[in-house]
Amino acid sequence: MSSKSFNSGSHTSGQDESGKKFGMWLFLYTEIILFGGLFVLYAVYFAKYTGDFIEGGKELNRLFGVVNTIILLISSFAVAAAVTAIQKKEKIKSMAGIITALLCGLIFLINKYFEWSHKIHNGIYPNSEKLVDGPDGLNQFFGLYYVITGLHGVHIIIGMTLLLISLIFVMTNRVAHNRFAMLENSGLYWHLVDLIWIFIFPLFYLVI
Amino acid sequence: MENQQEQHIIGYKTLLNVLLLLFVLTGITVGASYLDLGQLNVWLALFIAAIKGTLVLFFFMHMKYEGRALRWSFLGTIFFLFIMISFTFWDVAFR
């Protein structure tokens, strides 16, 4: 077998861009199953405690949900545009896209902070007296709320870290039009976080 | 350095159109939640979320332009997710 056994189209620099992307996707599949499992849990308890879930849903502020949805959609667009820009050798535009996404992520987290503190202030937090002594379904609803949005928030923080590293790589030309796997993979991660929010939003804020 | 694997570039305009479409769908799903359709509310919300997710997947995540390996492995993941969901409900329903 010669050195160009497969992937004969790879770059002369020895970089395997499509392999890196495939590896990222394999990881994303595990993320889909992770959040999928939590959604199944939500669905089963929703079927069992429909009344309590409706009560719990009323506690959530729709406005926070809508604003955070729009912020994440804009940030996803900005990252997709940053990838397009790097492919077109438009470094400044690419950096602008990443910075926009980072700012959106920050606003998302600030919103989440206010949303959570408001609830904790009202005595709704894991193991609080109000939940433990209240109906089972309500306890389940807010337990799932904190686990799912919390895990999603952790993903936002990881995604922002990856985007920040990508930004530095673009600035220092380590990411360029012919090798942008780092930016592309960070983008894929960020889009997945957005994708998960697209399902969290109606389930918690709208359905009930 | 000639790149044989021609990378597909998605234009800014396409991306912007996708974003606008996602805004519209968000509006629709919020509007639909004010209608009282009973059980149907849940399915409608999930249906719209699935459309939004597909848009993100196809355009922002470039899946529309990927090869067979990625497409089929993604569908495989969704298939296993489907098994997980349906077997769980199968179990819960007959307890």
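This text gives an overview of the structure that appears in the document. (Residues numbered from 1 in each chain as written. Chains lettered and ligands numbered in written order. Predicted model: local features only at pLDDT ≥ 70, side-chain atom pairs only at ≥ 80, totals over all residues. Heavy atoms only, no water.)

This next bit is on the overall build of chain B. Assigned secondary structure in chain B consists of 3 helices and 0 strands. Reading the secondary structure of chain B in the N-to-C direction produces α-α-α. Computed over its C-alpha atoms, the radius of gyration of chain B comes to 18 Å, more than 25% above the 12 Å expected for a compact globule of 95 residues. Projected onto its principal axes, the C-alpha positions of chain B cover 60 × 35 × 10 Å. Looking at chain B as a whole, 34% of its 95 residues are labelled buried. Partitioning the intrachain contacts of chain B with sequence separation of at least 6 by distance along the chain shows that 54% fall at a separation of at least 24. For chain B, the exposed surface amounts to about 6,200 Å²; the carbon and sulfur share of it is 70%. If the 6 positive side-chain charges of chain B are averaged to one point and the 5 negative ones to another, these points end up 4 Å apart. (Helix = DSSP H or I, 4+ residues; strand = E, 2+ residues; numbered from the N terminus. Rg over C-alpha atoms; globule rule 2.2 N^0.38 Å. Buried < 20%, exposed > 50% of the residue type's maximum accessible area, 1.4 Å probe, protein only. Contact = heavy atoms within 4.5 Å. Areas by Shrake-Rupley, 256 points an atom, 1.4 Å probe, with all protein chains shown as cover. Lys, Arg positive; Asp, Glu negative; His and termini not counted. Charge placed at Lys NZ, Arg CZ, Asp CG, Glu CD.)

With 52 residues of chain A at the interface, the matching set in chain B holds 44 residues. Between chain A and chain B, a total of about 4,300 Å² is buried, with carbon and sulfur atoms accounting for 76% of that surface. On the chain A side of the contact with chain B, Trp 25, Tyr 29 and Phe 77 of chain A bury the most area, a combined 14% of that side's loss. Connecting chain A to chain B are 1 salt bridge. Among the salt bridges present, the one from Glu 66 of chain B reaches Lys 21 of chain A, with a minimum N-O distance of 2.9 Å. (Buried area = accessible area lost by both parts, 1.4 Å probe. Salt bridge = Lys/Arg side-chain N within 4 Å of Asp/Glu carboxyl O.)

We now examine the pattern of salt bridges. Counted by the stated rule, this structure contains 7 salt bridges over all chains. Residues Glu 55 of chain A and Lys 58 of chain A are paired through a salt bridge, measuring 3.6 Å at the closest nitrogen-oxygen approach. Here Lys 58 of chain A and Glu 55 of chain A lie together in helix α2 (residues 50–59), a separation of 3 residues that amounts to about one turn. One salt-bridge network, in which partners are shared between bridges, spans Lys 21 and Glu 184 of chain A together with Glu 66 of chain B.

For the rest of this paragraph, the subject is the packing of aromatic side chains. Residue and element names in this part refer to chain A. Enumeration over the complete set of coordinates arrives at 22 aromatic pairs over all chains. When the centroid spacing of 6.1 Å and the interplanar angle of 10 degrees are considered together, the rings of Tyr 42 and Phe 46 count as stacked. Remark: Phe 46 and Tyr 42 occur in helix α1 (residues 17–48); sequence separation between them is 4 residues, near one turn of the helix. Aromatic side chains Tyr 145 and Tyr 146 sit 5.2 Å apart centroid to centroid with 75 degrees between the ring planes, which places their arrangement in the edge-to-face category. Taking relative accessible area as the criterion, Tyr 146 reaches 8% and is therefore assigned buried. Ring pairs connect the aromatic residues Tyr 42, Phe 46, Phe 53, Trp 116, Phe 141, Phe 142, Tyr 145, Tyr 146 and Phe 204, which therefore count as one cluster. The ring of Phe 169 has Arg 174 lying over it, and the distance from NZ or CZ to the ring centre is 4.2 Å. (Phe/Tyr/Trp six-rings, centres within 6.5 Å; stacked < 30°, edge-to-face > 60°. Lys NZ or Arg CZ within 6 Å of the ring centre and 35° of its normal.)

Residues and elements named next belong to chain A. Here Phe 64 lies in helix α3 (residues 62–87). Given the relative accessible area of 23%, Phe 64 is considered partly exposed. Each C-alpha atom, one on Phe 64 and one on Glu 115, is 7.4 Å from the other, the two residues being 51 residues apart in sequence.

Okay, the nonpolar core next. Within the largest apolar cluster, 83 residues are counted, with the highest numbers of intra-cluster contacts made by Trp 25 and Phe 204 of chain A. Only α1, α3, α4 (91–121), α6 (136–171) and α7 (181–206) of chain A together with α1 (12–32), α2 (40–60) and α3 (68–93) of chain B provide two or more residues apiece to this core. Per-element tally for this core: the top contributor is α7 of chain A, with 16 residues. Built from parts of two domains, this core gets at least three residues from each of domain 1 (12–61) and domain 2 (66–95) of chain B. (Core = buried A, V, L, I, M, F, W, Y, C linked by side-chain atoms within 4.5 Å. Domains from an automatic or database assignment.)

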